[in-house]
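In case you want the letters, here they are:
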Amino acid sequence: FCPICTLPIPLRLDEHSALNICCMKRVCRGCDLAARKRGMEDCPFCRSPRPAGDADELAMIQARVAKKDPVAINLLGQKYIFGELGLQKDTRMAVKLWEEAAEIGSIDALFNLGLAHERGEGVKQDMAEGAEFYKKAAMQGHVE
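Residues numbered from 1 in each chain as written. Predicted model: local features only at pLDDT ≥ 70, side-chain atom pairs only at ≥ 80, totals over all residues. Heavy atoms only, no water.

## Some words on the overall build of the protein
The secondary structure content of the protein amounts to 7 helices and 2 strands. Listed by position from the N terminus, the elements making up the protein come as α-β-β-α-α-α-α-α-α. Taking 144 residues into account, the globule formula puts the C-alpha radius of gyration at 15 Å, and the protein, at 16 Å, falls close to it. Taking the principal axes of the C-alpha coordinates as reference, the protein spans close to 50 × 30 × 25 Å. Looking at the protein as a whole, 36% of its 144 residues are labelled buried. If you sum the accessible surface of the protein, you get close to 8,500 Å²; carbon and sulfur atoms cover 52% of it. Positive and negative side-chain charges of the protein, numbering 20 and 21 respectively, have mean locations separated by a distance of 4 Å. (Helix = DSSP H or I, 4+ residues; strand = E, 2+ residues; numbered from the N terminus. Rg over C-alpha atoms; globule rule 2.2 N^0.38 Å. Buried < 20%, exposed > 50% of the residue type's maximum accessible area, 1.4 Å probe, protein only. Areas by Shrake-Rupley, 256 points an atom, 1.4 Å probe, with all protein chains shown as cover. Lys, Arg positive; Asp, Glu negative; His and termini not counted. Charge placed at Lys NZ, Arg CZ, Asp CG, Glu CD.)

As structure tokens, then:
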């Protein structure tokens, strides 16, 4: 659900919404567009300025990670797995971050752990373990 209009966000979330790095809130494209039409270039949820570059984006993510935000921890893991935002690609660090995020409630992290175990990225390849993570994620509401 969009935290602004409270309408459900259609699936594929990444196609119909945007994750705001500053507050880790996913806002629907409609609310984001309405805010931009009103001349607001900042985050439509928390009003923080959008990151100016990779360094700003990484700093915002790390600030949320320091506050133990499971969405931010999962996202930082994704940045490590792909080597984005100037980070060196580190699959083991990504898995470590996903494990931490999963412990504090991120179902996306459970799904990412399933992928990591299925593909053998950062951990020993184990299809059964991957299936268990997929099952846990699905039982908690993950749709992929």
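## Quick notes on helix α2 (residues 29–37)
In an α-helix, one turn spans 3.6 residues, which is why side chains three or four residues apart end up on the same side. Taken together, the buried positions of α2 are occupied by Cys31, Asp32 and Ala35. In a view along the axis of α2, the buried residues occupy a sector of 100 degrees, so they form one face of it. On its buried face, α2 sits against β2 (25–28). One or two residues past the end of α2 sits glycine 39, with phi positive at roughly 90 degrees. (Arc of directions from axis to C-beta. Contact = heavy atoms within 4.5 Å.)

## Digging into the environment of aspartate 108
Along the chain, aspartate 108 turns up in helix α6 (residues 107–119). With relative accessibility at 38%, the residue aspartate 108 sits in the partly exposed group. With 34 residues separating them along the chain, aspartate 108 and histidine 142 place their C-alpha atoms 7.0 Å apart. Apart from the residues within four sequence positions on either side, aspartate 108 is in contact with Asn74 and His142.

Any functional reading would require information beyond the geometric quantities listed.
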